[in-house]
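This is what each chain is made of:
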Amino acid sequence: MQCRGPEDLRAALADATCRAMRDAVITLPPDVKRAIEKATARETSAVARGEYGNIAQNILAAERLGVPLCQDTGVPVVYLTLPPSVPYSQALFDAVADGIRRATQEIPLRPNVVDPLTRHNSGDNTGAGMPAVHVRPGEKFTVTVLPKGAGAENVSRVVMLLPSQKEKIAEVVVETMLLAGGRPCPPVVLGVGIGGTFDSVTALAKEALLQPIDRMTPFEQQLCDAVNRLGIGPMGLGGSTTALAVKVKTAACHTASLPVAVNVQCWANRHATVEVEW
């Protein structure tokens, strides 16, 4: 990586953010496609199989036409990894916002970001605290974009359990999906955060959605099986698969608390990573 000046960094990160957003909203990651194909193959309901056919056509059409998979292109959630050679500064956040503005115009994206009280739309998917940017150290300078639609985000939950209620974690996960029903466009992917604090557990749940979903730990599989017994199925019309996967991230927590968060994602578990070259 050839290091240059601050303006070069801003331009390179803005370009990478725009490219990552384009990839994320148009093309599903291979592991998500495999999970959908697996769910389709084991489905016995004719109605559900018809919905999987619609999903498959949707995926192919988006790739062929170069257009977003869904009309709700979400709000931009961005993860940066920084090697020691990249300085942590406001320029990083400004560059990400530049890239999102560009993506909104060029792809294009639906302008979804509004003021929470006045509901004024910025028109470019940026605003106070938006895009949401999470920064971590890493070996490479990368940007990962996770567009998050409202239908799934609105049915997500956080619950503060007591340490003695560890057995209730599965109940929280299943209840979240039961209350959600068909609103988040199932089959869903559920990101589950366990531990941390009231605020950090929700970040864990969302980050869990970035993990490969075509394999699960025994605990994740147990949670997924429990959700699938609900029978909600594709688009809420019934079927064998309500959740394509459940992915879990944990963190240490206070001895007197057990935070649990469930971040719901629709079947289009969109995200993409681009390495920044500058």
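This structure is a prediction, so every number in the text was calculated from the model and none was measured.

Caption draft 1: Fine view of the overall build of the chain. Counting its secondary structure elements, the chain contains 8 helices and 8 strands. Radius of gyration (C-alpha) of the chain: 19 Å, near the 19 Å computed for a compact globule of 278 residues. Counting all 278 residues of the chain, 48% fall into the buried class. Look at the contacts in the chain between residues 6 or more apart in sequence, and 82% of them connect residues 24 or more apart. Taken as two groups, the 27 positive and 27 negative side-chain charges of the chain have centres that lie 4 Å from each other.

Caption draft 2: Structural detail: the sheet that holds strand 4 (residues 157-161). Here we have 4 strands laid out as an open sheet, ordered 4-7-5-6, and mixed in their pairing. Where the open sheet ends on each side, the last strands, each with one partner, are strand 4 and strand 6 (243-253). Taking each pair of neighbouring strands and ignoring which way they run, the sheet shows an average axis angle of 15°. Set on the sheet, helix 8 (residues 218-228) makes contact with strand 5 (188-196) and strand 6; between it and strand 6 the angle comes to about 130°.

Caption draft 3: Looking closely at unusual backbone geometry. Geometrically, the link from Met130 to Pro131 is a cis peptide bond, its omega value of 5° lying close to zero. Mapped onto the elements, Pro131 comes out in the loop between helix 4 (90-106) and strand 2 (132-137). Cis geometry marks the peptide bond from Pro186 to Pro187, where omega comes out at 10°. Examined against the element boundaries, Pro187 turns out to sit in the loop between helix 6 (169-180) and strand 5. Here the phi dihedral of Arg119 falls at roughly 65°; this positive angle occurs in a residue that is not glycine. Structurally, Arg119 can be placed in the loop between helix 4 and strand 2.

Caption draft 4: Focus on the nonpolar core. Counting residues in each nonpolar core, the largest one holds 27 residues, and the members touching the most others are Leu13, Met21, Leu80, Leu92, Phe141, Val143 and Val276. Only helix 1 (6-26), strand 1 (75-82), helix 4 and strand 3 (142-148) provide two or more residues apiece to this core. In terms of residue count, the dominant contributor to this core is helix 1 (9 residues). Excluding residues that lie within four positions of it along the chain, Val143 makes contacts with Leu13, Ala16, Thr17, Ala20, Val78, Tyr79, Leu80, Ala272, Thr273, Val274 and Val276.

Caption draft 5: Region of interest: the pairing of strand 5. The element strand 5 is extensively covered by neighbouring structure, given that 9 of its 9 residues are classed as buried. Pairing geometry for strand 5 and strand 6, over 9 bridges, is parallel. Within the sheet, the bridge partner assigned to Ile194 lies in strand 6 and is Thr250. Direction of pairing for strand 5 relative to strand 7 (residues 258-265): antiparallel, over a ladder of 6 bridges. Residue Val189 lies in a different strand from strand 7, and its bridge partner there is Gln265.

Caption draft 6: Highlighting the side chain of Thr176. Within the fold, Thr176 resides in helix 6. Within polar-contact distance, the side chain of Thr176 engages the backbone oxygen of Val172 at 2.7 Å. Not counting the four nearest positions on each side in its chain, Thr176 is found in contact with Val155, Arg157, Val262 and Val264.

Caption draft 7: Representation of the sheet that holds strand 1. Strand order across the open sheet formed by 4 strands is 2-1-3-8, with mixed pairing between neighbours. In this open sheet, the two strands that pair with only one neighbour each are strand 2 and strand 8 (272-275). With direction set aside, neighbouring strand axes in the sheet form an average angle of 20°. Two elements, strand 1 and strand 3, share 7 bridges in a ladder whose sense is antiparallel. Each bridged residue has a counterpart across the sheet, and for Tyr79 the counterpart in strand 3 is Thr144. Packing against the sheet, helix 1 makes contact with strand 1, strand 3 and strand 8, and its axis sits at approximately 45° to strand 3.

Reading the values: rules and limits
- Residues numbered from 1 in each chain as written.
- Predicted model: local features only at pLDDT ≥ 70, side-chain atom pairs only at ≥ 80, totals over all residues.
- Heavy atoms only, no water.
- Helix = DSSP H or I, 4+ residues; strand = E, 2+ residues; numbered from the N terminus.
- Rg over C-alpha atoms; globule rule 2.2 N^0.38 Å.
- Buried < 20%, exposed > 50% of the residue type's maximum accessible area, 1.4 Å probe, protein only.
- Contact = heavy atoms within 4.5 Å.
- Lys, Arg positive; Asp, Glu negative; His and termini not counted.
- Charge placed at Lys NZ, Arg CZ, Asp CG, Glu CD.
- Pairing = 2+ DSSP bridges.
- Axes fitted to C-alpha atoms, helices over the stretch in contact; angles between N-to-C directions.
- Core = buried A, V, L, I, M, F, W, Y, C linked by side-chain atoms within 4.5 Å.
- Polar contact = N/O pair within 3.5 Å; in protein donor to acceptor, adjacent residues only side chain to side chain.

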